[in-house]
Amino acid sequence: MDNEQSLELHRSDAFSPLNQYVLGVQEKIAASAAAVYVLHRGTVVNEWYSGTHGFSPGSRAVGPDSRFNVASVRKTFLGFAVSLALYEGRIGGLDDPVSDYLADPDGALLAGTTIRHLLTHTHGLASPQKRVFPPGTGWAYNNVGVNLLIRMIGEVFEKPLAQLLNEKVFRPGGFTETGWRKHQTDGLVWLNEAYSSEEGTDINLFVSARELASWGQLHLSKGMWNGIQLIPRPVWEQTAKIISPEGLGDALPRNGFFWFVQDRPRSLTELGHELPAGSYQSLGSTGCACLVIPEKEAVAVRMYNQTGPNPGGYSYLDDIRTFGNTVYGCLNDMNLQADRSP
């Protein structure tokens with residue numbers, strides 16, 4: 001066995017606990033499909049697939065080109081668009097009132113609500129007609145702020161979010177397995193839902209595990225892609241920096257541009273407590289997640305197609321934290337095994 005074969009074997013051994021953990025959760029949440037994809041310094045060190053696109057007889061086996069609905073992970077793509085708008089001067093600053101950039105804002109409801117509040121889930125809006133706390137004083141996860149920012153991006157760029165991303169990232173970066181889709185095709189791990197648009201306004205962004213990992217890698221490399229700077233470096237740098245308002249409760253998560261960002265362990269964060277400061281992650285309701293660990297120069301992705309409610313005794317917070325901690329442990333084991341290899 002040569003050194004390269006030995007290293008590949010060690011990598012496989014190191015990530016076995018991660019793959020087994022993801023398989024166990026797949027069974028627990030009754031998902032038919034699962035995938036794991038891990039990059040280290042831009043190289044694939046773990047790639048694993050399980051199950052089929054659905055439970056129907058004859059459903060397609062999950063493979064490298066299977067595209068999952070990533071649900072709320074789509075918000076990081078929106079966050080990127082906001083960062084680009086700031087860089088290009090289409091938006092003045094994070095603390096600008098969001099109403100300044102909407103054609104028909106509800107001035108009374110949005111009073112005091114800034115772009116920062118929308119990006120960090122601290123806006124306090126429970127619905128387009130109801131506020132539950134003053135902006136910047138609490139944290140609540142919902143899609144009200146997301147939908148406002150999608151509208152804002154469409155207005156400041158004068159084009160839909162999906163078109164903007166296609167022009168700026170997907171086509172230049174060679175992303176062919178990422179996009180909003182409203183019609184079922186063979187490669188999609190379909191959720192049997194009805195979608196009305198492919199413009200980026202709906203929860204129908206489908207991505208393969210390998211391209212979601214590439215999305216994380218773009219952030220890790222600050223936009224350097226195949227030797228080319230794909231979008232200026234500052235656009236990527238600010239997306240994963242903590243921009244949450246000061247004075248939030250100690251237990252509450254800290255966010256970048258929709259990424260959950262680790263500063264230190266917090267009781268309500270989705271990040272595993274073993275993950276080092278500077279790590280960042282996004283999780284969707286289908287179970288899909290993208291985790292970036294700059295300290296390890298690593299990106300880890302998991303994919304599921306969960307559609308039902310969480311089973312009794314299952315905590316999504318415990319699960320996603322365990323996922324992150326397991327990734328971190330496997331990366332440490334990989335390094336240890338590599339050091340011991342002949």
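Attention here is on the structure that accompanies the text. Computed from a predicted structure; not experimentally measured.

### Looking at the packing of aromatic side chains
- As enumerated under the stated definition, the model contains 14 aromatic pairs in all.
- Seen from their ring centres, Phe-77 and Trp-215 are 4.0 Å apart, and the 5° between their planes marks the pair as stacked. With Phe-77 in helix 3 (residues 75–87) and Trp-215 in helix 8 (residues 209–220), the pair connects residues that are 138 residues apart, well separated along the chain. Taken individually, Phe-77 and Trp-215 each receive the classification buried, so the pair is uniform in this respect.
- Counting every residue linked through ring pairs, the aromatic cluster contains Phe-77, Phe-80, Phe-170, Phe-175, Trp-215, Trp-225 and Trp-236.

### Quick look at the pattern of salt bridges
- With the rule as written, the count across this model stands at 15 salt bridges.
- The partner of Glu-88 in a salt bridge is Lys-168, and the shortest N-O contact between them spans 3.8 Å. Taken together, the residues Glu-88 in the loop between helix 3 and helix 4 (107–110) and Lys-168 in helix 7 (residues 161–173) connect sequence positions 80 residues apart.
- By relative accessible area, Lys-168 is classed as partly exposed at 29%.
- Among the ionic contacts, a cluster of salt bridges with common partners joins Asp-250, Asp-263, Arg-264 and Arg-266.

### Points about unusual backbone geometry
- The phi dihedral of Asn-192 is positive, around 60°, even though this residue is not glycine.
- Its place among the elements puts Asn-192 in the loop between strand 7 (188–189) and strand 8 (205–208).
- Overall, the relative accessible area of 69% leaves Asn-192 in the exposed class.

### Regarding the packing of helix 3 against helix 6 (residues 144–157)
- Close contact between helix 3 and helix 6 brings their axes to 10 Å; oriented N to C, the two are set at 40°. The angle between the axes of helix 3 and helix 6 places the two elements in the oblique class. Here helix 3 and helix 6 pass one another in a crossing that is left-handed. Across the interface between the two elements, Lys-75, Leu-78, Ala-81, Val-82, Leu-84 and Ala-85 from helix 3 touch Val-146, Leu-149, Ile-150, Met-152, Ile-153, Val-156 and Phe-157 from helix 6.

### Structural notes on the packing of helix 3 against helix 7
- Following both chains from N to C, one finds helix 3 and helix 7 inclined at 75°, their axes separated by 11 Å at the closest point. As the angle between them shows, helix 3 and helix 7 are arranged roughly perpendicular. Seen from helix 3, the contacting residues are Phe-77, Leu-78, Phe-80, Ala-81 and Leu-84; seen from helix 7, they are Leu-161, Leu-164, Leu-165, Lys-168, Val-169 and Phe-170.
- Considering only residue class, the contact of helix 3 with helix 7 consists of 10 nonpolar, no polar and one charged.

Thresholds applied
Residues numbered from 1 in each chain as written. Predicted model: local features only at pLDDT ≥ 70, side-chain atom pairs only at ≥ 80, totals over all residues. Heavy atoms only, no water. Phe/Tyr/Trp six-rings, centres within 6.5 Å; stacked < 30°, edge-to-face > 60°. Helix = DSSP H or I, 4+ residues; strand = E, 2+ residues; numbered from the N terminus. Buried < 20%, exposed > 50% of the residue type's maximum accessible area, 1.4 Å probe, protein only. Salt bridge = Lys/Arg side-chain N within 4 Å of Asp/Glu carboxyl O. Axes fitted to C-alpha atoms, helices over the stretch in contact; angles between N-to-C directions. Parallel < 35°, antiparallel > 145°, perpendicular 65-115°, else oblique. Left-handed = near helix turned anticlockwise from the far one by under 90°. Contact = heavy atoms within 4.5 Å. Nonpolar A, V, L, I, M, F, W, Y, C, P; charged D, E, K, R; others polar.

Geometric values such as these leave the question of function open.
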